[in-house]
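Given next are the chains, with one letter for each unit.
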Amino acid sequence: MKITESVGEQGENNEEKPLFIDFSQLHDQRHQYIDTLIMASEVEMESMKSRPSSTPRIPTLSGRAKLVRTPGKTPDARTISEELETGVTEHVVDPVLITEISGKSFLEDSENSDEEQFYQHELGVGEMEIEAMSTPEPVCAEPMTESRLDEYWDTDLEEEEEEEPVEEDRTVSHYKQVCQNLGVVPISYFIRHIHDRDIKMRFHGLGPSATKAISLILKDDVHLERLNLQGNWMQTEGGVAIARMLEENDYLTEVVLGDNKLGNEGGIQMCKMLDINAGLRILDLSGNDFDDNCAEHFATAIEESKYIKKLDLSRNRFGEAGGEWLGPAIGANDRLDTLDLSWNHLRKGGACAVAKGLKENVGLKVCRLAWNGFGPEGGVAMAEALVANQSLIELDLTGNRLNHFSAEKIAKSFKINDTLRILRMGNNLITTGGAIALVNAVNNYEACELQLLDLTDVPVEYEFLRIVEEIKSKKPDFRVIHGPVARSGNTKKDLHKRGINPYRKKEPVVILKEHIMVNDIRLIDILARYDPTGSYCITPEDFVTALDELAVPYDKPRLREAIQKISTDQSGRILLGDALQNKDLEQLKRVVTFTESETET
């Protein structure tokens, strides 16, 4: 082994002087160290034997195998090489450190060392054959520089292996570079999902610059199908960037850009994009402050679009002029399935224009026009549109100031319209009379296929509930949503009508009597069918059937209790008495009479 040594002072060329180490001498030196250690241990053992008996622990001869000798200081390679060169050994072996370990582990971990053979021979632990060690012939070591000196010596330190650098994804690297150029911080969420098919970044506070960076990356993305950037306040600049991205990327099918304050300029860019993009099917532009100034551009886009299926323009500021632009476009488009214009300001003029468009439209299936302030005239226009339209499945007219007259007009359209399945007319002033007119139309017109009638916050009365029960007997899937149940109707016709307290518990006969008074039906006409013999006696089952026929709500346990009370002859039949022959409604209070004596007999 060759070791080089630098000579010379600072400023001079350093020369490497080769040093040679003879391994045979190192071998002898090692044995010399071992002998020294053994001698030191024997001296220590003798001193331990001379200690008094009160000493807690005195290792025995057999315990010597459990002692490990560790030199206090070992000369390094440079010291050894200098001694070999000069022939003088000056270093002194420092005292050793003796540590006690288990004999078993000592024997297992050191089978091949010379020290183990020595202890086994001294202590008699098994017989071992010790082969004579032949001194190897001196071999000229290869030259070794200081840079390789550390590799020669073993170490027990745990060195951390340097991990090979992983090559970063090209798309991520491109995105980070774009962000650096624009002076924005890369979005970690976007980096994690940059290769997903569906990216949802709602309310991340991107702003215009971060949106522009994302759009520059997504314009070449062929995997992304759905992108949701709702509520990121991207404003006009960000909207323009997204529109230009969509002009180049035809793989996206659904984009949500609601609540981003794009403004009219951003809306105009979106309209231009719709004329170019052939892959987009769903576009949400709600809550972006569009007004009548860009309504013409949206009308053109809707009229000429051949691919868009669902368009959401709700919560904007389109007025009557905007509705007049959008109405004809709706009539001309036959590809659009869903259109949402809720929470705008269409008013009467816009409502009439949109209604006219619905008359001509043959493809629209869902139209949401809630909270636009149509008024009664707008409601009548919508009724006329329902007569002509044969494609609408759902119509939402919630909160449009419709009245009783509008409800009656819409109810009459059910006679012809056989496609409408869902009608929402909640939060309107249609009164209990309008609600009854609607359910009567559903009940009477066979062509009507309505499945859900939403009258949220519209008060109703018992007559409405009776008709609904009758509808459900014919159409089990029919559902209705209504407001509170009133004691009586709230129209002019209901001014002199006797009210019903819906919260008071009543006997079944009283409920039947009051129900008859509300509907102007004679009790004798109903019960006579169940008394063909004229004996004025009916069974409890017939009495319950009469209640069910009138759709009167009653409590079954209380009904059974009342029947037990009014069964006078214990024959299981109810005696109506002569009061049934009285035609005066006031005598209905005495329809069922009984006394305690009659009950006992």
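Residues numbered from 1 in each chain as written. Predicted model: local features only at pLDDT ≥ 70, side-chain atom pairs only at ≥ 80, totals over all residues. Heavy atoms only, no water.

What is the right way to read the overall build of the protein chain from this model?
The helix and strand tally for the protein chain stands at 22 helices and 18 strands. Each of the 601 residues in the protein chain was classed as buried or not, and the buried ones make up 42%. Pairs at least 24 residues apart make up 78% of the contacts formed inside the protein chain by residues separated by at least 6 positions. For the protein chain, the exposed area adds up to about 33900 Å²; of that, 49% sits on carbon and sulfur atoms. (Helix = DSSP H or I, 4+ residues; strand = E, 2+ residues; numbered from the N terminus. Buried < 20%, exposed > 50% of the residue type's maximum accessible area, 1.4 Å probe, protein only. Contact = heavy atoms within 4.5 Å. Areas by Shrake-Rupley, 256 points an atom, 1.4 Å probe, with all protein chains shown as cover.)

What am I meant to see in the pattern of salt bridges here?
A side chain of one charge can pair with a side chain of the opposite charge if their charged atoms are brought near each other. The full count for this structure, using the stated rule, is 11 salt bridges. With its nearest N and O atoms 3.1 Å apart, the salt bridge here joins Glu463 to Arg466. Placement of the pair is Glu463 and Arg466 together in helix 17 (residues 462-474), with a separation of three residues, close to one helical turn. Each member of the pair, Glu463 as well as Arg466, is classed as buried. Each of Arg197, Asp198, Glu225 and Arg226 takes part in salt bridges that share partners, so that together they form one network. (Salt bridge = Lys/Arg side-chain N within 4 Å of Asp/Glu carboxyl O.)

Can you walk me through the side chain of Asn372 in this structure?
Mapped onto the elements of the fold, Asn372 is located in the loop between strand 12 (366-368) and helix 14 (375-388). Assessed through its relative accessible area of 0%, Asn372 is described here as buried. When near neighbours in sequence (up to four residues on either side) are disregarded, Asn372 contacts Leu341, Ser342, Trp343, Asn344, His345, Leu346, Arg347, Gly399 and Asn400.

Which parts of the structure should I look at to understand helix 13 (residues 347-360)?
Given 3.6 residues to a turn, an α-helix orients residues that are three or four positions apart in the same direction. Between its first and last C-alpha atoms helix 13 spans 20 Å; for 14 residues at 1.5 Å apiece the expected length is 20 Å, and the two agree. Buried residues in helix 13 make contact with helix 12 (320-332), strand 12 and helix 14. (Expected span 1.5 Å × (residues − 1).)

Help me out: how do you make sense of the sheet that holds strand 9 (residues 282-284) in this one?
Note on sheets: strands pair through backbone hydrogen bonds, and any given pair is parallel or antiparallel. In spatial order, the strands read 6-7-8-9-10-11-12-13-14-15-16; together these 11 strands make up an open sheet with parallel pairing. A single partner strand is all that each edge strand has here, and the edge strands are strand 6 (198-200) and strand 16 (479-481). Adjacent strand axes in the sheet meet at a mean angle of 5°, parallel and antiparallel pairs treated alike. (Pairing = 2+ DSSP bridges. Axes fitted to C-alpha atoms, helices over the stretch in contact; angles between N-to-C directions.)

Is there a simple way to explain a positive patch on the surface in this structure?
Judged by side-chain charge, Arg281, Lys306, Lys309 and Arg335 come together as a positively charged surface patch. On the secondary structure map, Lys306 appears in the loop between helix 11 (295-304) and strand 10 (310-312). Of the residues examined, Lys306 reaches a relative accessible area of 54% and is grouped as exposed. (Patch = residues over 30% accessible without salt bridge, like charges linked within 9 Å, V, L, I, M, F, W, Y side chains within 5 Å. Lys, Arg positive; Asp, Glu negative; His and termini not counted. Charge placed at Lys NZ, Arg CZ, Asp CG, Glu CD.)

What should I look at first to understand unusual backbone geometry in this one?
Excluding glycine, residues mostly carry a negative phi; peptide bonds, for their part, are mostly trans. The phi angle at Asp259 is positive, at roughly 55°, despite the residue not being glycine. Structurally, Asp259 can be placed in the loop between strand 8 (254-256) and helix 10 (263-276).

What is the right way to read the confidence of the model for the protein chain from this model?
Detailed reading of the predicted coordinates is not advisable wherever pLDDT is low. For the protein chain, the average pLDDT comes to 76, and 61% of its residues sit at 70 or higher. For the stretch residues 513-521, pLDDT sits under 50, and the model shows 22 contacts to residues farther than four places along the chain or on other chains. Every residue in residues 578-601 is under pLDDT 50, and counting partners more than four places away or in other chains gives 31 contacts. (pLDDT = per-residue confidence, 0-100.)

Would you take a moment to explain the nonpolar core for this structure?
One recurring pattern in soluble globular proteins is that nonpolar side chains are buried together. The biggest cluster of nonpolar side chains holds 97 residues, and the ones touching the most others in it are Phe190, Ile410, Phe414 and Leu438. Per-element tally for this core: the top contributor is helix 16 (residues 431-444), with six residues. (Core = buried A, V, L, I, M, F, W, Y, C linked by side-chain atoms within 4.5 Å.)

For this particular structure, what's the right way to read helix 17?
A rise of 1.5 Å per residue sets the reference length of helix 17, with its 13 residues, at 18 Å; its end C-alpha atoms lie 19 Å apart and thus fit the reference within 8%. Those residues of helix 17 that sit buried are Tyr462, Glu463, Phe464, Arg466, Ile467, Val468 and Ile471.

Would you explain empty space enclosed by the protein in this entry?
Remark: the empty space left among the atoms is shown by a probe the size of a water molecule rolled over them. Throughout the structure, instances matching the rule amount to three cavities of 30 Å³ or more. Approximately 50 Å³ is the volume found for the largest cavity. If you go around the largest cavity, the residues you meet are Leu274, Asn277, Leu280, Ser305, Lys306, Tyr307 and Ile308. Its residues assigned to classes, the lining of the largest cavity shows four nonpolar, two polar and one charged. (1 Å grid on protein atoms, 1.4 Å probe; cavity = no way out; pocket = protein on both sides within 12 Å on 5 of 7 lines; lining within 4 Å. Points joined across faces, edges and corners; volume = space filled by probe spheres on them. Nonpolar A, V, L, I, M, F, W, Y, C, P; charged D, E, K, R; others polar.)

Help me understand the packing of helix 10 against helix 11 in this model?
Angle between the axes and distance between the axes: these two values describe a pair of packed helices. For the pair helix 10 and helix 11, interaxial distance at closest approach is 9 Å and the crossing angle is 15°. Compared by their axis directions, helix 10 and helix 11 come out roughly parallel. In this structure, helix 10 crosses over helix 11, and the sense of that crossing is left-handed. Every residue of helix 11 that contacts helix 10 at Gly267, Ile268, Cys271, Leu274 and Asp275 is listed here: His297, Phe298, Ala301 and Glu304. (Parallel < 35°, antiparallel > 145°, perpendicular 65-115°, else oblique. Left-handed = near helix turned anticlockwise from the far one by under 90°.)

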